[in-house]
Each structure stands twice: as C-alpha cells, then as structure tokens.
Amino acid sequence: MTKINVLYATILCCLAVLSQVRARSLFEYITESANSIVKIDETYDFPSCEIYCYGPLLHTVQMAKLFPDSKTFVDMKLKASPEKTMEDFDAFMASKNNTPSRDEIREFVDAHFGEKGTELDVWTPTDWVERPGFLDLVHDPDLRQWGMDLNNIWKELGRKMKDDVQKNPQYYSIIPVPNPVIVPGGRFIEFYYWDSYWIIRGLLYSEMRNTARGMIENFLNMVQRIGFIPNGGRVYYWGRSQPPLLTAMVKSYVDFTKDDLFAINALEVLEHEFEYFINNHTVQAKGHNLVAYRDSSAGPRPESYSEDVETSESFHTEAAKEDHYSELKSAAESGMDFSSRWYINENGTNVGNLTNAKTRSIVPVELNAILYWNAKMIAEFHAKAGNVEKMTEYETKAQKIKEAIQAVLWNEEAGCWLDYDLINDKPRNYFVPTNLSPLWVKAYNISDSEKISTSVLKYIEDNKLDTFPGGVPNTLYQTGEQWDFPNVWAPMQYILVEGLDNLGTPEAKELSQRWGQRWVKSNFEAYRETLAMFEKYDAEKFGGHGGGGEYGVQTGFGWTNGVIIEWLAKYGRQISLSGNTGAAAPSSRIISLLGVTAVALVGALAGRFIW
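Computed from a prediction, not measured in an experiment: that's the story for all the values here. Along each chain, the written sequence defines residue order, and numbers are assigned to residues from 1. pLDDT decides what is reported in this predicted model: residues at 70 or higher carry local features, side-chain atom pairs at 80 or more are listed and counted, and totals for whole chains, interfaces and linings draw on all residues regardless. Calculation of side-chain values draws on the structure's entire complement of heavy atoms; hydrogens and water are dropped beforehand.

Colleague: What should I look at first to understand the overall build of the protein chain in this one?
Modeller: The numbering of helices and of strands both runs from the N terminus, where a helix is a DSSP run of H or I of at least 4 residues and a strand a run of E of at least 2. Along its length, the protein chain carries 22 helices and 14 strands. Looking at the protein chain as a whole, 60% of its 611 residues qualify as buried. In what follows, residue pairs with any heavy atoms lying within 4.5 Å of each other are defined as contacts. Long-range pairs, those at least 24 residues apart, make up 74% of the contacts in the protein chain between residues at least 6 apart in sequence. For the area figures, the Shrake-Rupley method with a 1.4 Å probe applies, and any residue is considered shielded solely by the protein chains shown. With the model as given, the accessible surface of the protein chain reaches about 23,100 Å², and the carbon-plus-sulfur share is 52%. Summary of the burial criterion: residues with accessible area below 20% of their type's maximum are buried, those above 50% are exposed, and those between are partly exposed, where the area comes from a 1.4 Å probe applied to protein chains only.

In structure tokens form, the structure reads like this:
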C-alpha cells in the first residue's frame, strides 16, 4: 500500500471512530440527478467546522447581519475552543429565550471572537528579485516601469501563517499550510485554488521560483491531507473545489526550472486529484462520461450565508432550499459565481436570476477540457519517469475525455464547443469565453486546426466579440451578476488569447496577438488612472474596471498581475503605448514619475483596510 493510501486509510479509520460520537460526517456525497454516477466521497474533519461551516451559532450570527460583508465573521479567530464556544452559545441562547437582539448577538461575538485576518502576517518573499529578466523584454519605458511596479506588488500580497495556526488550528477558519503564499488581494486575504495558477505563472516570470514552488507544495499537501483542494484556504469551503489546475501548476514550474523530478515525485498526488474529480463529478450525456461542477456540503455558503437564505425564500420546502444551496455552491466551485451561464429556466433558456441556477445539470466545457489536459500532463510526467504502462493508461484516459468532448460539446452549427444542458438534453448556445477553452489545452484533433479556425473565427465575428474596447466580456447577457456582461476577467482573456495562439493559423494568431496587446494596454490605462490592478474590468470602456455581484470592486490583484507580467514578457518587444484608444500618451509618463514609491504608499494604505 502506498504512503498516500495508508494516510487515507488512517484518516478514514479516525473518522469512523469520530462518527460514532458525532453521528454525522462532514462530507456526504449527494446524488443530484439521474445522470450522476454515484461514487463514495472521502471524508476529512476540520475541528472548527461546527463554528464556521454549519450549525446554530453560524446561523444566528450571520442572520443578524452584523457586518456589511458576510465573509467577515467566518474569518474571525475564536478566543476559546469550539467546544467551549458552543457551550457558551447554548447558555447564551437559553438565557435569551432563543431570541437575542442584534446588539446582544454582537456582544456575544465581540466576547468570543477576535478580529479577522489575525492568523496571517504580511510577508516579504525571500526570493523577490528587484529587476527580473522579463523587464528586459519590454521596450516601451512606461510599460517597463509598470512591470517593475507589478513586481513590487508581490511584496504587498505576501502572507505567512502565524505559528499558532499550526499549533491550535481549532481556533481558526483558515486551513494550515506549511509555506507562505501570495493572496489575490482585497477581501480575499487567504489563498484561492484557481487564482493561484495565474499567480504562480506570474511569480515564475518574476524569477520567484521558491515562492511558486512553496505554493504548489501547499496544494500537494492539501490533497494528501484532505483528499482534494478546497475552493480556498478556509474550512468553510469544505464541500467544493475549483477548476483543477494543480497539475498545470506543476507543469509550469517544471517548464521554467527543468526540474523533472519535482513532477515525478508529485505524480501520486496528481493522479489522486484527477481521480477525485472523475469519481465525484462524473455525469452521463449522450452515452458519454463527462464531468460537472458539484458541492458535497449542506446548507448555505457560510461566507454568504444570509444572502443564500434570502434567495432561497422563493422555495417552499427544505429539500428545495437545500437543492438551491447546492446549485449556488456548485457555481462557486466553477469560480464563476455568479453568472447567467448557470441559469436554466422553465423554458430551458438562460434568462432568469439566482433562483434559476442549475449548475449541477450543466456540463461545462472548460472542466472537461482541463481534465483532458491533466491526463495528458500526467502521462507526460510518467513518460519522464520511464513508466510506459502508466503513461499509456493516462493517454487512454485523455483520449476518452477528448472523444466525449467532441461528441457532446462540439457544436457544428455554432462552430465551437458549448456547455450541455442535462435537463433538456440540448447544447446551450450562449457565449462564454470557456466555449473556446479546448483551444487553450489542445483538447481537439490537431489535424482539424484549419477547419476549427474557420469555424471559431466565424463564431467570434457572429457574436461581435471583437467590438469591445475593454476586452471580451464573460457573457453577452447583463444581469448585474459579476460574471456577466459587461465584466471582463483576466483568466478568461488568457484562455481566449492563448487558445487562439495555440490554434496556429495566421488569422487566429493575429487575433490572439491583437487581443492580448489590447488587454495589456487597457489594464495599463486603468492603472495609469488609479494606480490599482483590479479583479475585473469593463468590456465597454478602455481602461474601465468592472462591478456588480455580491461585493465591491477588489484591487490587488493576483491573477490580473500574473497575466499582465506574462504578456509583458510575451509582447514586450512589439507593444507600444502610442495610439492607445482613449489614452493620452504624454500623460502616461506619470508612471515613470510615481514609480515604486507611490505603489508602496498605496499598498500600505490599502493594507490598513485589508487588515
């Protein structure tokens, strides 16, 4: 038996004993539809979950709406153990006849919880390089200075867990990890799974290999301990993951460092994550096995508890409410929370609101494409190890996924891949950048590149995707949700631009380069005006930042910085700021004048609000 199997056997045995006491496990696999292929989900117990994940204390505090952002409470440290806190809570509720006032609830919270964010210290990466080599590839002086400023921001986003988190994890909602991290920024003061892929690539271009490797090792460690990587680094994300990009992180690290042994040593963990997704996310469509997003927890999202309870009010049974919560959390697993992409109304269209979310019944193009990519990379790592049998096994798995993607998700009439609606057994012909994600990971027959290029470019023209000055929007439907029109997101631009580049035809490569350079210039314009990097931007305005959704505009911002740094390296020799749409070239020189000092000042001021 391998070390990982021994570890899992030990964890499961311990939980079997715990379940005798607690009468329930944290993780219960839920069968949501007739399309689901039922597997047994593995279990892991977080000691602080009875405070932060579910239960009467969480419900009471979050429904009192003590804080403008529901995430604030679940990021606060306990002052006593979970057991003692629950004892005090039960006594408190009894003393108030189970109907405490809002002010009384606030007093209880103040007495039993500390400030949020106290588990992390600001950390300056020890491998930070003042002038990484990518800057030499950038010819425009203002863009080069901007690249230096972005490189400085890594120091503002570095965090290291305090020793007490490892010693007393039951007092915190944060999941302990051994190495420091780069966080996204803003309200996101902990690490997040899919964000970290673009952050790590930015770190590698910034020559911060030790920091990048440490973050990857954190994720490998989480798979070993927990069985998968949660949505983010908090226990309240316990029922869901995010798009599985760990194998791609390892691949990026190996491409930069040529450290094949790192990938070979990670293989067992990477295989485990791959099989976790296959075992717990598989559905059937048109006779093929594919995967869909799903959550295995119960109740509202702890970090958006009252919001979820309010949207559930239109459902009249507890079972219907629970289904609604699962749809919302499954959408959160996609990273696109929220979007009309996940709506299926009674007419089978995407018109509606959050009550129409049917995430579990939609087969998403990118999740299947990423799993294909994972299988290909795992096969590649086995080839490096000289293990032909395992290489062949994962090449075969990849081929089966690619065949299913082609059979179910490719749509000849639309000229691209489309998500698939399992309720109505039909493709969903609505634009999302992920419709083109198979180009990014090459999940198609390369011999068909010319044909696919013609079809995809016509699809882009038909949907007028090249008409937006601020980038390609996430959808063409404006709902007020943050992953809908007009918002534009760095990872989605990356998938589009790199995918078109991979396609390889002159027309596709020309559009890829134009979109990539436009994104760099538009982000620069926003930075020139605000001295901030944003989580999302506005398709309708060159240099405009986005809005909408459950929280305000966030700055920082990890994945945005990572994409820009990579594309400064990629396009730096050709790109020039002259002729910027909506940008005055002379005034852009403000970057050179303000430089690092201004960024450091802004970072310090922002830190006051973050902490």
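Having seen the structure, we can now continue with the description.
Colleague: I'm lost on the sheet that holds strand β11 (residues 420-421) in this one. Help?
Modeller: Adjacent strands of a sheet form backbone hydrogen bonds with each other and so pair up, either parallel or antiparallel. Two strands qualify as a pair provided that DSSP identifies no fewer than 2 bridges between them. On the basis of which strands lie adjacent, the open sheet formed by 3 strands has the order β8-β11-β12 and antiparallel pairing. The two strands at the open ends of the sheet, each matched to only one other strand, are β8 (362-363) and β12 (426-427). Sheet topology note: the β11/β12 ladder contains 2 bridges and is antiparallel. Each bridged residue has a counterpart across the sheet, and for D421 the counterpart in β12 is K426.

Colleague: Help me understand helix α20 (residues 506-530) in this model?
Modeller: Each α-helix turn comprises 3.6 residues. Residues three or four places apart therefore point the same way. Take the number of residues in a helix, subtract one, and multiply by 1.5 Å to get its expected span. With 25 residues, α20 should cover 36 Å at 1.5 Å per step; its first-to-last C-alpha distance of 36 Å lies within 8% of that length. Remark: L531 follows α20 within two positions and exhibits a positive phi of approximately 55°.

Colleague: Quick question: what am I supposed to make of the packing of helix α10 (residues 209-226) against helix α11 (residues 246-257) here?
Modeller: When two helices pack together, you describe them by how their axes are tilted relative to each other and by the distance separating the axes. Lines fitted to C-alpha atoms define the axes, with helix axes restricted to the stretch in contact, and inter-axis angles between N-to-C directions lie between 0 and 180 degrees. Closest axis-to-axis distance for the α10/α11 pair is 10 Å, and the angle between their directions is 150°. Between α10 and α11, the interaxial angle falls into the category roughly antiparallel. As α10 packs across α11, the resulting crossing turns out to be left-handed. Between α10 and α11, the contacting residues are R209, R213, I216, F219, L220 and V223 on the first element and L246, M249, V250, Y253, F256 and T257 on the second. In what follows, roughly perpendicular refers to angles from 65 to 115 degrees, roughly parallel to angles under 35, roughly antiparallel to angles over 145, and oblique to any angle outside these ranges. Crossings are classed by handedness, with left-handed meaning an anticlockwise turn of the near helix from the far one by less than a right angle and right-handed meaning a clockwise turn.

Colleague: Honestly, unusual backbone geometry in this entry has me stumped. Any pointers?
Modeller: In terms of backbone geometry, most residues other than glycine have negative phi values and most peptide bonds are trans. For the bond running from D337 to F338, omega is 10°, close enough to zero to count as cis. As for its position among the elements, F338 is in the loop between α14 (318-334) and β8. Along the chain, F485 connects to P486 via a cis peptide bond; the corresponding omega equals 5°. Mapped onto the elements, P486 comes out in the loop between α18 (449-462) and β13 (487-489). Backbone geometry places N98, a non-glycine residue, at a positive phi of 60°.

Colleague: Before we go on, may I ask you to explain the packing of aromatic side chains in this structure?
Modeller: Each aromatic ring pair is characterised by the separation of its centres together with the angle its planes make. Pairing of aromatic side chains requires ring centres within 6.5 Å, counting the rings of Phe and Tyr and the six-membered ring of Trp. Pairs whose planes differ by under 30 degrees are stacked, by over 60 edge-to-face, and all others tilted. As enumerated under the stated definition, the model contains 42 aromatic pairs in all. Ring centres of W198 and W559 lie 6.2 Å apart, and the angle between their planes is 85°; on these two criteria the pair is classed as edge-to-face. Of this pair, W198 sits in helix α9 (residues 195-205) while W559 sits in helix α21 (residues 558-571); the two residues are 361 residues apart in sequence, bridging distant segments of the chain. Note on Y293 and W342: the rings are 5.9 Å apart at their centroids and 85° apart in plane angle, and the pair reads as edge-to-face. Here the residue Y293 occupies a position in the loop between β7 (288-291) and α13 (305-311), and W342 occupies one in the loop between α14 and β8, the gap between them amounting to 49 residues. Overall, the relative accessible area of 1% leaves W342 in the buried class. A ring is considered to have a charge above it if a Lys NZ or an Arg CZ atom is located within 6 Å of its centre and within 35 degrees of its normal. Over the ring of W128 we find K155, and its NZ or CZ is 3.9 Å from the ring centre. In this structure, K397 packs its charged tip against the face of Y394, placed 5.3 Å from the ring centre.

Colleague: Is there a simple way to think about the sheet that holds strand β3 (residues 120-122) in this case?
Modeller: Reading across the sheet, the 3 strands line up as β3-β4-β5 and stay open at both edges, with antiparallel pairing between neighbours. Where the open sheet ends on each side, the last strands, each with one partner, are β3 and β5 (181-182). Direction of pairing for β3 relative to strand β4 (residues 158-161): antiparallel, over a ladder of 3 bridges. Each bridged residue has a counterpart across the sheet, and for V122 the counterpart in β4 is R159.

Colleague: Is there a simple way to think about the packing of helix α19 (residues 490-503) against α21 in this case?
Modeller: Running from amino to carboxyl end, α19 crosses α21 at an angle of 30°, the nearest separation of the two axes being 9 Å. On the basis of their axis angle, the class for α19 and α21 is roughly parallel. Both α19 and α21 take part in a crossing whose hand is left-handed. Listed contacts from α21 to A490, P491, Q493, Y494, V497, E498 and D501 of α19 are W559, T560, V563, E566, W567, K570 and Y571. Side-chain classes follow a simple rule in which Ala, Val, Leu, Ile, Met, Phe, Trp, Tyr, Cys and Pro form the nonpolar group, Asp, Glu, Lys and Arg form the charged group, and the remainder, Gly included, forms the polar group. Considered class by class, the residues forming the contact of α19 with α21 number 8 nonpolar, 2 polar and 4 charged.

Colleague: What is the right way to read the side chain of N435 from this model?
Modeller: Along the chain, the position of N435 falls in the loop between β12 and α17 (437-441). What makes N435 buried here is its relative accessible area of 0%. Here a polar contact is taken to be a pair of N or O atoms separated by no more than 3.5 Å, where protein atoms must pair a possible hydrogen donor with a possible acceptor and residues adjacent in sequence count only if both atoms sit in side chains. From its side chain, N435 meets the backbone oxygen of Y430 in a polar contact 3.1 Å long. Setting aside chain neighbours within four positions, we find N435 in contact with V365, C416, W417, L418, D419, Y430 and Y459.

Colleague: So what exactly am I meant to see when it comes to the confidence of the model for the protein chain here?
Modeller: Do not read the predicted coordinates in detail wherever pLDDT is low. The score called pLDDT rates the predictor's confidence residue by residue, from a low of 0 to a high of 100. Chain-level pLDDT for the protein chain is 89 on average; 87% of the residues reach the 70-or-more range. Counting interchain partners and residues more than four positions distant, the pLDDT-below-50 stretch residues 1-43 has 74 contacts. Confidence over residues 582-611 falls short of pLDDT 50; this stretch has 44 contacts with residues more than four positions distant or in other chains.

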